[in-house]
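# Remarks on the overall topology
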Amino acid sequence: MSDTPSEVRYDVLAIGNALVDVLAHSRDEVLQDLGLVRGGMTLVDTARAEELYAHMGPTAQISGGSAANTLAGMASLGARCAFIGQVADDPLGEVFAHDIRAADIAFDTPARPGQPPTGRCLIFVTPDAQRTMNTFLGASQFLPADALDLETIAASAVLYLEGYLWDPEEPRAAMRKAISTARDAGRKVAFTMSDAFVIDRHGDDFRDLIAQGQIDILFANEVELAALTGIADFDAALASLQDKVPVLVVTRGAHGAVAVTDGHRVEVPAEPIERVVDTTGAGDLFAAGFLFGHVRGRSPTESLRLGAICAREVISHFGARPEVCLSTLVEEKVG
Ligand SMILES: OC[C@H]1O[C@H](O)[C@H](O)[C@@H]1O
């Protein structure tokens, strides 16, 4: 803890990939022909990105990036948010920067000149609303530690980190620096595991961070929980982790979500929905709702419910950013 903790200016500051999503409806046979891992997130290079793009039908381009999506949800709920992530100095980078600022999120990371271009995620959405993501990280993967605004990190109640960005080396070093800055300032650190492949590659790092008490709020889905703990049985996996983080949140898709706070377990069902269109961003928006409730002092059950409401909104349409004012939606649903 620093001697003179600064005033809190932001509820949440997130560090994540700065990506624009390129989405198209697709069929399972297309995924098979292209050798895509259905429902997964795969990193791709320029050549593969071009190949996949050539096989997509008409696309929608909508800003994305997991942590940025979460902030878009939180800002829509009324939270004060700031984002750190790197785009390139190109038209797609301008789109990302425009959209995040238009969502009322502070964003001051300078665009990186030259190649590679701004990162993008090519997303194939099948008729069952499953999303299959192929990410070309572009400029995002070179986020340097000196792009961090340490004062702003210290002035944010929660530092929220995206597991996806733990994979490339430079951003990983930046995130480690951000963690120590936040902790020195007495702030909370939240982490989303993002995908089982990240845990396959960096699980030891995450288990160390958890064992050292560096993570206060941990988000995972049930596949990631199993990968992190090495335990297939859900309840046993949860029990093995729940005493190691103060707040553990696990999403279970259509089966709802669970939170364990200081050893006390609560759960909510998924919100009823007539038609799921696109599951891209479901976990991101769940995290937005939960974290908003948490920072505003709502109970774990209420926070889970907010998460479920926000996730329901985002899966009802194409793209991973909310299309309605979530604050109004939540007001209508729970008051
Ligand atoms: O979680 C969904 C997000 O992951 C990928 O990072 C895409 O950008 C997408 O918006």
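Everything numeric in this text was worked out from a predicted model, so none of it was measured.

## Describing the packing of helix H7 (residues 196-211) against helix H8 (residues 222-229)
Contact geometry of H7 with H8 gives a least axis separation of 9 Å together with a crossing angle of 60 degrees. One finds that H7 runs oblique with respect to H8. The crossing of H7 and H8 is right-handed. Residues Ala196, Ile199, Gly203, Phe206, Arg207 and Ile210 of H7 pack against Val223, Glu224, Ala227 and Leu228 of H8. Classifying every residue of the contact of H7 with H8 by side-chain character gives seven nonpolar, one polar and two charged.

## A short note on the sheet that holds strand E4 (residues 60-63)
Strand order across the open sheet formed by five strands is E3-E8-E7-E2-E4, with mixed pairing between neighbours. The outermost strands of the open sheet, each flanked by one partner alone, are strand E3 (41-43) and E4. Taking the axes of each pair of neighbouring strands and ignoring which way they run, one obtains an average angle of 25 degrees across the sheet. Where strand E7 (residues 118-125) lies against strand E8 (residues 131-138), seven bridges are found, and the strand directions are antiparallel. Following the sheet pairing, cysteine 121 is matched in E8 by threonine 135.

## Here we look at the UniProt feature "domain: Carbohydrate kinase PfkB" (unreviewed entry) in the chain
Mapped onto the present numbering, the UniProt feature "domain: Carbohydrate kinase PfkB" (unreviewed entry) falls at residues 59-321. Taken end to end, residues 59-321 is 41% helix and 22% strand, and its two terminal C-alpha atoms sit 16 Å from one another.

## Re the environment of alanine 103
You can see alanine 103 is positioned in the loop between helix H4 (91-102) and strand E6 (105-107). The partly exposed category is assigned to alanine 103, whose relative accessible area is 25%. A sequence separation of 188 residues divides alanine 103 from leucine 291, and the C-alpha atoms of the two residues are 17 Å apart.

## Brief notes about helix H12 (residues 326-334)
Considered for burial, the residues of H12 that qualify are Leu326, Leu329 and Val330. Buried residues along H12 cover an arc of 95 degrees about the axis, so they all sit on one side. Summarising the geometry of H12, the exposed residues directed more than 90 degrees from the buried face are Glu331 and Glu332. In the segment just after H12, glycine 335 is the residue with positive phi, at about 75 degrees.

## So, the site of the ligand
Neighbouring the ligand are the residues Leu19, Asp21, Gly64, Gly65, Ser66, Asn69, Cys121, Met133, Tyr164, Gly281, Asp284 and Ala320. Glycine 65 places a main-chain nitrogen or oxygen 2.8 Å from an oxygen atom of the ligand. Aspartate 284 places a polar side-chain atom, nitrogen or oxygen, 2.6 Å from an oxygen atom of the ligand. Elements with a contribution of two residues or more to the shell around the ligand: strand E2 (19-25) and helix H3 (66-77). Here the shell around the ligand is built from residues that sort into five nonpolar, five polar and two charged.

## A closer look at H7
For H7, which comprises 16 residues, the first-to-last C-alpha distance of 19 Å sits more than 12% below the rise-based estimate of 22 Å (1.5 Å per residue). Its maximal kink placed at histidine 202, H7 deviates by approximately 85 degrees. Listed as buried for H7 are Ala196, Phe197, Val198, Ile199, His202, Gly203, Phe206, Leu209 and Ile210. Elements that come into contact with the buried residues of H7 comprise E3, helix H6 (169-184), strand E10 (188-192), strand E11 (217-221), H8 and helix H9 (234-241). A side-chain oxygen of the first residue of H7 lies 2.9 Å from the backbone nitrogen of phenylalanine 197; this N-cap is aspartate 195.

About the cut-offs
- Residues numbered from 1 in each chain as written.
- Predicted model: local features only at pLDDT ≥ 70, side-chain atom pairs only at ≥ 80, totals over all residues.
- Heavy atoms only, no water.
- Axes fitted to C-alpha atoms, helices over the stretch in contact; angles between N-to-C directions.
- Helix = DSSP H or I, 4+ residues; strand = E, 2+ residues; numbered from the N terminus.
- Parallel < 35°, antiparallel > 145°, perpendicular 65-115°, else oblique.
- Left-handed = near helix turned anticlockwise from the far one by under 90°.
- Contact = heavy atoms within 4.5 Å.
- Nonpolar A, V, L, I, M, F, W, Y, C, P; charged D, E, K, R; others polar.
- Pairing = 2+ DSSP bridges.
- UniProt positions renumbered as here; feature names shortened; annotations may be inferred.
- Buried < 20%, exposed > 50% of the residue type's maximum accessible area, 1.4 Å probe, protein only.
- Arc of directions from axis to C-beta.
- Near = heavy atom within 4 Å.
- Polar contact = N/O pair within 3.5 Å; in protein donor to acceptor, adjacent residues only side chain to side chain.
- Expected span 1.5 Å × (residues − 1).
- Bend = angle between axes of the 7 residues up to and from the residue.

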